Amino acid sequence: MNKNEKKALFSFLSIYVGSAIFLIGVMLYIYYNNELKKVADTCSMQMNNASMHIKSEIINSHIKNRKFNPRVLNNENLRYALYDKDKNVIFSYLEGAEYIDFSKQMYEKEHFNFYISSLDEDNIDIKYIVIETCQGIDNRDKLKVYVIITLILSAIFIGFIGYLLSKILLKPIREKVEDMDKFIKDSAHELNTPISVLMTSVSMLKNGKNPEKMMKYILSSSKQISQIYNDIHFSAFNDLNDKQVEDFNLKDLVSYSAEYFNDISITKNISIETNLEDCRILMDKTKAQKIVNNLISNAIKYSNKNSKILVNIKDNILSIEDFGIGISKKEQSIIFKRYKRGNNIEGGFGIGLDIVKRICDEYNIIIRTESKVDIGSTFYIDFSSIVLKHKRNKND
């Protein structure tokens, strides 16, 4: 992962994780406040009920002229104390008795909640009932821990999901960048050969060495550079939806292309042999030329030196056969993808066959490949879908 990718990944994760955690934080804050209120209400209700229960037992004992005998509450979370009007202890098993403040009814001090109620009976010695509990604060602390743990786990989960999403989103971009980097390197290599031959030929031509042969090399190199430029321009700027459909004979077009590429194949001492039948089709002539040119160019690139290329038209099918490195079964399934190329050092940079496939798909033209490694390849283009049927005479 390069510097720019790391920066993009960090920016995405910062925005995604930050916004998600902020949203979850707000929701947890609202949840915490609501739960905190419930905890406080529950604690208050428990202490109030306990106070009322003790008060009723004291009053009942007084009515029945019996002495009230304080006892420990069944609820272990609650403790209480009884005080007289002078605030002297009558009974107590409080743990935080030093924090009692008789000026308040319900309050929190240190780790305790207190609830103080009074009896307004003159004949009863007990004046104050003090209820103490730690349950409310314990529940609040547990709630805090729960919220914090939830927030941390949510942040980890969101960060993990964000990282996976970013990797998924960046994967096609990364592949595109890698393809473009490879394309640039391959195109530089592809252009280097004809340019080097061109410069060498011009230099030797200036020195008067074998001018006829040097002129052939210059012409071949110029045509190679032109073909490379045309492929790049067509692939980058041409809209396949733009059509100038016309009626023409495919035989003439293929014958012209074969003659054109004879000047290119000379550098590898490859001969192009043709056997062409008439085949009138209706399509964009420029795109038909692209199909033929790229297939012949591809055959030259992957052919062995001192070999030949057979170009035939029969029964509306154009076949171009070379005798070169061939294509493995695995590679045959991907050779029409953009920037995919053979492993021959003399191969192109992977847009020629992509252009062929795109044009064929546009016109529903069937393309088929037969190949054997180290023997050669044959491409079949079936133009039957766009072949002109018998045209009626205007006088009919």
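Residues numbered from 1 in each chain as written. Predicted model: local features only at pLDDT ≥ 70, side-chain atom pairs only at ≥ 80, totals over all residues. Heavy atoms only, no water.

Go over the packing of helix α5 (residues 285–302) against helix α7 (residues 352–362), please, and point to the residues and values.
Where α5 meets α7, the axes come as close as 9 Å, and the angle between the chain directions of the two elements is 145 degrees. Relative to α7, α5 is oriented so that their crossing is left-handed. Listed contacts from α7 to K287, K290, I291, N294, L295 and N298 of α5 are G352, L353, I355, V356, I359, C360 and E362. A per-class count over the contact of α5 with α7 returns seven nonpolar, three polar and three charged. (Axes fitted to C-alpha atoms, helices over the stretch in contact; angles between N-to-C directions. Helix = DSSP H or I, 4+ residues; strand = E, 2+ residues; numbered from the N terminus. Left-handed = near helix turned anticlockwise from the far one by under 90°. Contact = heavy atoms within 4.5 Å. Nonpolar A, V, L, I, M, F, W, Y, C, P; charged D, E, K, R; others polar.)

Give me the lowdown on the sheet that holds strand β2 (residues 89–92), citing residues and values where you can.
Read from one edge to the other, the open sheet built from five strands follows the order β2-β1-β5-β4-β3, with strand pairing classed as antiparallel. Each edge of the sheet is formed by a strand with only one pairing partner; in this case those strands are β2 and β3 (106–109). Neighbouring strand axes in the sheet, compared pairwise and without regard to direction, differ in orientation by 20 degrees on average. With six bridges connecting them, strand β4 (residues 112–118) and strand β5 (residues 126–133) associate as antiparallel partners. Pairing of N113 across the sheet is with T133, part of β5. Sheet strands touched by helix α1 (residues 3–63): β1 (78–84), β3, β4 and β5. Its angle to β5, the strand with the most contacts, is close to 145 degrees. (Pairing = 2+ DSSP bridges.)

Tell me about α7, and please be specific about residues and values.
Considered for burial, the residues of α7 that qualify are G352, L353, D354, I355, V356, I359 and C360. A positive backbone phi angle near 55 degrees is found at N364, which sits one or two residues after α7. (Buried < 20%, exposed > 50% of the residue type's maximum accessible area, 1.4 Å probe, protein only.)

Run through the pairing of β4, naming residues and quoting values.
Burial of β4 is extensive: six of the seven residues sit out of reach of the surface. One ladder, built from four bridges, connects β3 with β4; its direction is antiparallel. Paired with E108 across the bridge in β4 is N113. The antiparallel hairpin formed by β3 and β4 contains two residues in its connecting segment, where E110 sits at a positive phi of about 55 degrees.

Describe the layout of surface pockets, with residues and values.
In this approach, a probe sized like a water molecule rolls over the atoms, and the result shows the empty space that is left. What the second largest pocket holds in volume is close to 270 Å³. Along the wall of the second largest pocket there are 13 residues; nearest its centre are K67, F68, I124, D125 and I126. The element contributing the most residues to the lining of the second largest pocket is α1, with three residues. (1 Å grid on protein atoms, 1.4 Å probe; cavity = no way out; pocket = protein on both sides within 12 Å on 5 of 7 lines; lining within 4 Å. Points joined across faces, edges and corners; volume = space filled by probe spheres on them.)

I'd love a proper account of the nonpolar core, names of residues and values included.
Core analysis: the biggest nonpolar cluster contains 42 residues, and L250, I281, M283, L318, I365, I381 and F383 have the highest contact counts within it. Of all the elements in the fold, those that place two or more residues in this core are α4 (250–265), β7 (271–276), β8 (280–284), α5, β9 (308–314), β10 (317–322), α7 and β12 (376–382). Once residues within four sequence positions are removed from consideration, F383 is found in contact with L250, I281, M283, N316, L318 and I365. Counting 17 residues, the second largest nonpolar core, distinct from the first, contains C43, F91, Y115 and I131. (Core = buried A, V, L, I, M, F, W, Y, C linked by side-chain atoms within 4.5 Å.)

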